[in-house]
Amino acid sequence: MLTQKQSMYEEDVLNRLSKYLGKTDLELYEYFKVRPNPLTGAYPNNVRGIVVNRMLDFDLKPEKAKEMRDFNITRYTLRVEKNGKIKESLSLPDFKFEDIVNETWEDCTLKNYLVNKRYLFIVFKSVDENSYQFDGAKFWTMPEKDLNDTVKEAWQQTVDTIKGGVILKYDEKHNRVENNFIGSSQKMIIHVRPHSAKRGYNSFSKNAYKLPVSARWTNKPSDFDDNYMTKQCFWLNNNYVTKQISDLI
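Residues numbered from 1 in each chain as written. Predicted model: local features only at pLDDT ≥ 70, side-chain atom pairs only at ≥ 80, totals over all residues. Heavy atoms only, no water.

Some words on the packing of aromatic side chains
Our working rule: Note on aromatic pairs: the rings of Phe, Tyr and Trp (six-membered ring only in Trp) are paired at centre separations within 6.5 Å, and the planes decide the class, stacked below 30 degrees, edge-to-face beyond 60, tilted for the rest. Only DSSP runs of H or I with at least four residues qualify as helices, and only runs of E with at least two residues qualify as strands; both kinds are numbered from the N terminus onward. Accessible area is worked out with a 1.4 Å probe on protein chains only. A residue is then buried under 20% of its type maximum, exposed over 50%, and partly exposed in between. Cation placement over rings: the criterion is NZ of Lys or CZ of Arg within 6 Å of the ring centroid and within 35° of the ring normal.
Counting across every chain of the model gives 19 aromatic pairs. Ring geometry for tyrosine 9 against phenylalanine 71: centres 5.4 Å apart, planes inclined by 45 degrees, an arrangement best described as tilted. Linking tyrosine 9 in helix H1 (residues 4-18) with phenylalanine 71 in the loop between helix H4 (62-70) and strand E1 (73-80), this pair joins segments that are 62 residues apart in sequence. Classification of phenylalanine 71 by relative accessible area gives buried; the value is 16%. On the basis of an interplanar angle of 90 degrees and a centroid distance of 4.9 Å, the ring pair of tyrosine 31 and phenylalanine 32 is categorised as edge-to-face. Under the relative-accessibility criterion, phenylalanine 32 is labelled buried at 14%. An aromatic cluster of three or more residues is present, and its members are Tyr76, Tyr119, Phe121, Trp140 and Tyr240. Sitting over the ring of tryptophan 235, arginine 193 keeps its end group 3.7 Å from the ring centre.

And the structure:
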């Protein structure tokens, strides 16, 4: 249940954003005087984040940005492609293998995070190859039924996988390691994969966490360890997130 103060804050945010509905990102870049690099012609990688900050007056009123943090709101700028979907899944905090197997659903980190997390989705929809249009914004919290049914099941499956010994297979041709954690194709709202592109499969890697049960390897490289694997985190499936913003697109 939102407090009156937070409800008023969220209403104010949506009102400020509504002034820019229907404008393309290129129009917004021009309006807010965001210029491309004169040498390369490219805009900064975080250009939409810069524009959204200015749409929200965060540059001029930093106290508004602080309020968003105080209300535990995470902002995501989502790009909807021509097919009506977003490409990116949304990352959640990573987890330590030795910690998650000692949690229960009622007190686990994932559940507590999602129960208390509020999202602000800011949606840009593709209008052509080079431009996206601002289609709207909404605040969102995961519905209790989704959390306590599908997400709970996915979390428990992850715990069971770790307790049973993660199945790892080294694909020499593509120089990658496959595992048996939940994938996005399983449509369980969340899936498991690394947050970083860098891998780690031994005790001295800063990209690895220790496993409580030795992994079950196929074709293991000689310099890899049975008891360490690349840090993993949960992700909100992009198809699930697309459904949550269907009223805006």
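So, next bit.
Points about the environment of isoleucine 86
Put simply, the test is: Only heavy atoms enter the contact rule, under which two residues are in contact if any of them lie within 4.5 Å.
One can find isoleucine 86 in the loop between E1 and strand E2 (90-95). Residues isoleucine 86 and lysine 243, 157 residues apart in the sequence, show an inter-C-alpha distance of 10.0 Å. If we ignore the near neighbours within four places in the chain, the residues touching isoleucine 86 are Leu78, Arg79, Val80, Asn238, Val241, Thr242 and Ile245.

Overview of the sheet that holds strand E3 (residues 118-128)
Two pairing modes exist for strands in a sheet, parallel and antiparallel, and in both the strands are linked by backbone hydrogen bonds. Operational definition: When DSSP locates at least two bridges between a pair of strands, those strands are taken to pair. The axes are straight lines fitted to the C-alpha atoms, using for helices just the contacting stretch, and the angles between their N-to-C directions are given from 0 to 180°.
An order of E1-E3-E4 is seen for the three strands of this open sheet, with the pairing classed as mixed. Both outer strands of the open sheet, E1 and strand E4 (131-140), are each paired with one neighbouring strand and no more. Each neighbouring strand pair of the sheet contributes to a mean axis angle of 20 degrees, computed without reference to strand direction. The pairing of E1 with E3 spans eight bridges and is classified as parallel. When the bridges of E3 are listed, isoleucine 73 appears paired with arginine 118. Running over the sheet, H1 touches E1, E3 and E4 and is turned about 170 degrees from E4. The sheet contacts of helix H3 (residues 47-55) involve E1, E3 and E4, and relative to E1 the element is tilted by about 120 degrees.

Things to note about the environment of asparagine 238
Within the secondary structure layout, asparagine 238 lies in helix H8 (residues 238-244). Taking relative accessible area as the criterion, asparagine 238 reaches 16% and is therefore assigned buried. C-alpha of asparagine 238 to C-alpha of tyrosine 76: the two residues are 162 residues apart in sequence and 12 Å apart in space. Sequence-distant contacts of asparagine 238, defined by excluding residues within four places in its chain, comprise Ile86, Lys87, Glu88 and Ser89.

Details of the nonpolar core
Spelled out, the test is: In plain words, nonpolar cores are sets of buried Ala, Val, Leu, Ile, Met, Phe, Trp, Tyr and Cys residues tied together by side-chain atoms within 4.5 Å.
Judged by nonpolar contacts, the single largest core of 47 residues is most densely connected at Leu110, Met142, Val151, Ile190, Phe234 and Leu236. For this core, the element with the most residues is helix H7 (residues 144-163), which contributes six residues. Contacts of leucine 236, omitting those with residues within four sequence positions, involve Ser89, Leu90, Leu92, Tyr119, Trp140, Met142, Ile189, Ile190 and Val241. Within the second largest apolar cluster, 25 residues are counted, among which are Phe71, Leu120, Phe124 and Tyr132.

Concerning the packing of helix H6 (residues 109-116) against H7
As a reminder, the rule being used: Roughly parallel covers angles under 35 degrees, roughly antiparallel covers those over 145, roughly perpendicular covers 65 to 115, and oblique covers all other angles. Rotating anticlockwise by less than a right angle from the far helix to the near helix defines a left-handed crossing, while the corresponding clockwise rotation defines a right-handed one. Gly counts as polar in this scheme, as do all residues outside two lists: the nonpolar Ala, Val, Leu, Ile, Met, Phe, Trp, Tyr, Cys and Pro, and the charged Asp, Glu, Lys and Arg.
Close contact between H6 and H7 brings their axes to 11 Å; oriented N to C, the two are set at 150 degrees. The pairing of H6 with H7 is recorded here as roughly antiparallel in orientation. Crossing geometry of H6 relative to H7 is assigned as right-handed. Contacts between H6 and H7 involve Leu110, Lys111, Leu114 and Val115 from the former and Leu147, Asn148, Val151 and Trp155 from the latter. Taken together, the residues of the contact of H6 with H7 break down into six nonpolar, one polar and one charged.

Overview of the packing of H1 against H4
Interhelical geometry of H1 versus H4 gives an angle of 125 degrees and a closest axis separation of 11 Å. Relative to H4, H1 is oriented oblique. Two packed elements cross with a definite hand, and for H1 against H4 that hand is left-handed. Contact residues: H1 offers Lys5, Tyr9, Asp12, Val13 and Arg16, while H4 offers Lys64, Glu67 and Met68.

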